[in-house]
Amino acid sequence: MFQRLPDAGGERVSFTIDGRPAEALSGDSVAAALIANGVGACRTTPVSGAPRGPYCMMGVCFDCLVTIDGTGNQQGCQIRVRPGMRIETQNGKREIDR
């Protein structure tokens, strides 16, 4: 569904997804970085456990919620990836202390 443009360039940014090393381009949103690294689902719903992934890429649908550097329920499409960022997928309900 989503694809990086062939002429996309930029500085490489290193970060982690669920503890695994990953790379993105400077300026990528967290949601775009997840897609570029093959992560299709960044959360599961609290009730049914259905997988959800980035959809609208503009902050309307809230399907791209992730935990970033220990803070949960962050909209991945609204935050740019930074070097060293720790991104975690969310499973079910948000934990109270995140």
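Before reading on, note that the structure itself is shown above.
Not measured: the values here are computed from a predicted model. (Residues numbered from 1 in each chain as written. Predicted model: local features only at pLDDT ≥ 70, side-chain atom pairs only at ≥ 80, totals over all residues. Heavy atoms only, no water.)

Novice: Would you mind showing me how to read the environment of G40 here?
Specialist: Here G40 is to be found in the loop between α1 (30-36) and β3 (43-44). For G40, a relative accessible area of 58% gives the class exposed. In sequence terms G40 and P51 are 11 residues apart; their C-alpha atoms lie 8.7 Å from each other. With near-sequence residues (within four places) excluded, G40 lies in contact with R52, G53 and P54. (Helix = DSSP H or I, 4+ residues; strand = E, 2+ residues; numbered from the N terminus. Buried < 20%, exposed > 50% of the residue type's maximum accessible area, 1.4 Å probe, protein only. Contact = heavy atoms within 4.5 Å.)

Novice: Whenever I open this one, the pairing of strand β1 (residues 12-17) confuses me. Can you help?
Specialist: Two faces belong to every sheet, and in a regular strand the side chains alternate between them. Alternating positions in β1 separate cleanly, V13, F15 and I17 being buried on one face and R12, S14 and T16 remaining unburied on the opposite face. Where β1 lies against strand β2 (residues 20-25), 6 bridges are found, and the strand directions are antiparallel. For I17, the partnering residue across the bridge sits in β2 and is R20. The hairpin formed by β1 and β2 contains 2 residues between the paired strands, and D18 there has a positive phi angle of roughly 50°. Of the strand pairs in this sheet, β1 and strand β7 (residues 86-88) are connected by 2 bridges, and their pairing is parallel. Bridged to T16 within β7 is R86. (Pairing = 2+ DSSP bridges.)

Novice: In this structure, what is going on with the side chain of Q75? I would like to understand it.
Specialist: Along the polypeptide, Q75 turns up in strand β6 (residues 71-75). A polar side-chain atom of Q75 sits 3.1 Å from the main-chain carbonyl oxygen of G59. Filtering out sequence-adjacent residues up to four positions away, Q75 remains in contact with G59, V60, F62, C64 and L65. (Polar contact = N/O pair within 3.5 Å; in protein donor to acceptor, adjacent residues only side chain to side chain.)

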